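For reference, the chains in residue letters:
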Amino acid sequence: MWATCRELIPAGSVFAFLAGHRGRLFPAEMFADMYPSANGRPSMPPQILAAAITVQALRGMSDFETVQELRCDLRWKAACGLGLHDMAFDPSLLAYFRRRLARSARPNRVFEAVREVVRATGVLKGKHRRALDSTDLDDAVATQDTVTQTIAAIRAVIREVPGGAEVAGVRCFAHDYTDPGKPRIAWNDEQARAALVDALVTDALRLLGHLPEQELGEKAANAVGILALVAGQDVEPAEDSDGRDGRWRITQGTAPGRMVSTVDPESRHAHKTRSHQQDGFKAHLAIEPETGLFTAVALRPGVGPEHHEAAVGLELLAEEDEPVHAFGDTAYSTGDARQVLEQAGHRLFLKPAPVRAAVPGGFTLEDFTIDTAAATVTCPQGHTVSLSDPGGQHHQRKAAFKDLCDGCSLRERCTKAKAGRILTIRPHHDQQAAARRQAATDPDRQAAYRRWRPPVERAVAWIVHRGNRRLRYIGTIKNDTWLHTRAAALNLRRLINLGLTHTNGTWHLAPAGT
């Protein structure tokens, strides 16, 4: 196909590159561990499928659309190694291949293969800057309300857990769980809705409490765990209940880390700001800002301290061979992250979080003289108090001025609290204060941040282009594999634009015009 139609495939495109170098980029032995059986061979060579999902991720297409292109488009046929009259394969084979990838020991091997090409070209040699950022991605499922979630979770237990149907038949009466529709109530009646929620939660707890003791398989265990989570995340004891009489109501507000759908239990309410919220996951990115190449990516649930930008940022920089200049916004500038990165030798260009005044236009933390070594704090009026010992979940120290604020001429600029000003000093205070001073007074650092931090915004735009802000798959693992594949495809396109070629057994970049 490639030999006869070479002139018809756009030169310098990803299609032409894969047509000529697919076997080098994705050799057959790269996928040997995914097909360990000696009986026969895969119905479609994995290197063809790897090329297909790479172009699919680049173009932002569904499995059905991808197969249609493979059947009708010469560019796709050449890129994936199909003949002119080949009818490709069933779309389900792409899902089957991705499932094998996700369950393998190296689910991101497509990204790793392109990363090896990046290293072989030496394009990043001497380029020690890394810019970090994250963006919210919409999940592939509909957000469910409390009633829908509870009913779906009960149905899953009835369906998956041995003995679940029998227990539900004698213990659960709030709804006919064989009926695919919602309960028939007056949905505009607040009391009717409250009574339904109470009955559904009671059914869930009865079902969980009377399931037979047994060893559960993966699906059954997941169903039980989801029901236990759903039955507790959105409800609280009724207003006049002590929590022991089995009466429930929908809780006020949204539970932290709330599961939004039983179809994708890992999706969460995600938000970049207080005003912008959506349901799904977060894509975390690290790029080299001069070339725009992705050096590391990760997809995580939208909330949780272990999924915070600063925590994931450490993972993105962990595989760097040598110290780098790290650029990031305030989300990456936590005290813990700064300490770890500085100990690793990285130079930090992370925007410090601003300090806020307790009174608009009043004194901030910067106006106090804080000596953590001597454990003293002196206020702008000159009063000095001692710092408490570290305590609480975050090991904070407090400086309470209390009666010293009475009659103080600066009180109106300092605090509105009746008990006087209380300062909270977090761990790594000295490190954060030094970072704020440096960010405010070092013009070279300010110029470097303004130059090298913005390119990561363009990388975010590349990731979500062509409708890719909405994910196509369910679960963190599958979507993380997709993110790595898309980053690999974008890296490959960028390398081709820089002149990627393969000669004398090595990858290198040919300057324009050579």
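In the block above lies the structure referred to throughout.
A. Structural context of empty space enclosed by the protein. Inspection of every chain in the model, using the stated rule, returns 2 cavities of 30 Å³ or more. Along the wall of the largest cavity there are 15 residues; nearest its centre are Cys379, Gln381, Cys405, Cys408 and Cys414. Class assignment for the residues of the lining of the largest cavity results in 10 nonpolar, 3 polar and 2 charged. By volume, the second largest cavity amounts to about 30 Å³. Lining the second largest cavity are Asn468, Arg470, Leu471, Arg472 and Trp482.

B. Fine view of unusual backbone geometry. Of note, the phi angle at Ala375 is positive, near 60 degrees, even though the residue is not glycine. Tracing the sequence through the fold places Ala375 in the loop between β9 (369-371) and β10 (376-378).

C. Highlighting the layout of surface pockets. Quantified by volume, the largest pocket comes out at close to 1,800 Å³. Of all the secondary structure elements, the ones that give two or more residues to the lining of the largest pocket are α12 (309-318), α13 (335-343), β13 (422-425) and α14 (429-441). Top element by residues in the lining of the largest pocket is α12. It accounts for 4 residues. A class-by-class count of the residues in the lining of the largest pocket yields 18 nonpolar, 15 polar and 8 charged. A volume near 830 Å³ is recorded for the second largest pocket. Looking at the second largest pocket, it is lined by 23 residues, and the ones nearest its centre are Glu218, Lys219, Asn222, Val263 and Pro265. Elements that contribute at least two residues to the lining of the second largest pocket include exactly α6 (92-103), α8 (146-160), α11 (218-233) and α17 (476-497). Class assignment of the residues belonging to the lining of the second largest pocket gives a composition of 10 nonpolar, 4 polar and 9 charged.

D. Region of interest: the side chain of Asn108. For Asn108, the location among the structural elements is in the loop between α6 and α7 (109-121). The contacts of Asn108, once residues within four sequence positions are left out, are Asp480, Thr481 and His484.

E. Here's a closer look at the side chain of Thr135. Here Thr135 shows up in strand β1 (residues 129-138). A relative accessible area of 6% means that Thr135 is categorised as buried. At 2.9 Å, the side chain of Thr135 forms a polar contact with the side chain of Arg469. If near-sequence neighbours (up to four positions away) are discounted, Thr135 is found in contact with Phe281, Lys282, Ala283, Val460, Val464 and Arg469.

F. Seen up close, the packing of α7 against α17. As a packed pair, α7 and α17 sit with axes 8 Å apart at the nearest point and diverge in direction by 25 degrees. If you check the angle between α7 and α17, you find them roughly parallel. As α7 packs across α17, the resulting crossing turns out to be left-handed. Here α7 contributes Val110, Phe111, Val114, Val117 and Val118 to the contact with α17, which in turn contributes His484, Thr485, Ala487, Ala488, Asn491, Leu492 and Leu495. A class-by-class count of the residues in the contact of α7 with α17 yields 9 nonpolar, 3 polar and no charged.

G. Quick look at helix α15 (residues 443-452). For α15, every residue scored as buried is listed here: Arg445, Ala448, Tyr449 and Trp452. Viewed end-on, α15 has its buried residues packed into an arc of 100 degrees, placing them on one side of the element. Opposite the packed face of α15, turned more than 90 degrees from it, sit the exposed residues Pro443, Arg450 and Arg451.

H. Geometry of the pattern of salt bridges. Following the criterion strictly, the structure yields 17 salt bridges and no others. Between Arg115 and Glu319 there is a salt bridge, with the nearest N and O atoms lying 3.0 Å from each other. Here Arg115 is found in helix α7, whereas its partner Glu319 is found in the loop between α12 and β7 (325-328), with 204 residues between them in sequence. When its relative accessible area of 53% is taken as the criterion, Glu319 is described as exposed. Ionic pairing is found between Arg300 and Glu315, a salt bridge with its closest N-O pair at 2.7 Å. Within this pair, whereas Arg300 is found in strand β6 (residues 293-301), its partner Glu315 is found in helix α12, the two being separated by 15 residues in sequence. Linked through salt bridges whose partners overlap, the residues forming this network are Asp133, Asp329, Arg453 and Glu457.

I. Structural view of helix α9 (residues 164-171). Turning to α9, its buried residues number three or more, namely Gly164, Val167 and Ala168. Within α9, the buried residues cover an arc of 100 degrees as seen down the axis, which keeps them to one side. Among the exposed residues of α9, those pointing more than 90 degrees away from its buried face are Glu166, Gly169 and Val170. Close packing links the buried residues of α9 with α8 and α10 (190-210).

J. Looking closely at the packing of aromatic side chains. Throughout the structure, instances matching the rule amount to 5 aromatic pairs. When the centroid spacing of 6.0 Å and the interplanar angle of 55 degrees are considered together, the rings of Phe15 and Trp76 count as tilted. Placement of Phe15 in helix α2 (residues 14-25) and of Trp76 in helix α5 (residues 74-80) is noted, with a sequence separation of 61 residues between them. Taken as a pair, Phe15 and Trp76 share a single burial class, namely buried. Ring plane angle 55 degrees and centroid distance 6.0 Å describe the contact between Phe31 and Phe97, whose orientation is recorded as tilted. A residue pair is termed long-range when its members are at least 10 positions apart, and Phe31 in the loop between α2 and α3 (46-59) and Phe97 in helix α6 qualify at 66 residues. The burial state of Phe31 is the same as that of Phe97; both residues are buried. Positioned above the aromatic ring of Trp187, the side-chain terminus of Lys182 is 5.1 Å from the ring centre.

What counts, and at which threshold
Starting from 1, residues in each chain are numbered consecutively following that chain's sequence as written. Reporting in this predicted model follows two pLDDT cut-offs: at least 70 for local features of residues, and 80 or more for side-chain atom pairs to be given and counted; totals over whole chains, interfaces and linings ignore these cut-offs and use all residues. Working from all heavy atoms in the structure, the side-chain values ignore hydrogens and water. Think of a 1 Å grid over the protein atoms and nothing else: a 1.4 Å probe that fits but is trapped marks a cavity, an open set flanked by protein within 12 Å on at least five of seven lines marks a pocket, and residues with an atom within 4 Å of a point count as lining. Grid points are joined across faces, edges and corners, and a volume is the space filled by probe spheres set on the points. Under the scheme applied here, ten amino acids are nonpolar (Ala, Val, Leu, Ile, Met, Phe, Trp, Tyr, Cys and Pro), four are charged (Asp, Glu, Lys and Arg), and all others, including Gly, are polar. Secondary structure counts use DSSP, requiring at least four H or I residues in a row for a helix and at least two E residues in a row for a strand, with both numbered from the N terminus. By the convention used here, residues are in contact when the closest approach between their heavy atoms is within 4.5 Å. For each residue, the accessible area found with a 1.4 Å probe, counting protein chains only, is set against the maximum for its type, and the residue is called buried under 20%, exposed over 50%, and partly exposed in between. Polar contact is the term for a pair of N or O atoms within 3.5 Å; when the atoms are in protein, one must be able to donate a hydrogen and the other to accept it, and sequence-neighboring residues count only if both atoms are side-chain atoms. With axes taken as lines fitted to C-alpha atoms, and helix axes fitted only over the stretch in contact, angles between N-to-C directions fall between 0 and 180 degrees. Angle categories: roughly parallel below 35 degrees, roughly antiparallel above 145, roughly perpendicular from 65 to 115, and oblique for all the rest. Definitions for this section: a left-handed crossing has its near helix turned counterclockwise from the far helix by less than a right angle. A right-handed crossing has that turn clockwise. In this description, one arc is meant: the one made by directions from the helix axis to the C-beta atoms. Just to be clear on terms, a salt bridge is a Lys or Arg side-chain nitrogen sitting within 4 Å of an Asp or Glu carboxyl oxygen. Pairs were defined over the aromatic rings of Phe, Tyr and Trp, the Trp ring being its six-membered one, requiring ring centres within 6.5 Å. Orientation was assigned from the angle between planes: stacked under 30 degrees, edge-to-face over 60, tilted for the rest. Consider the ring centre and the ring normal. A charge sits over the ring if Lys NZ or Arg CZ is within 6 Å of that centre and within 35 degrees of that normal.

Everything listed here is a matter of geometry and, on its own, says nothing about what the molecule does.
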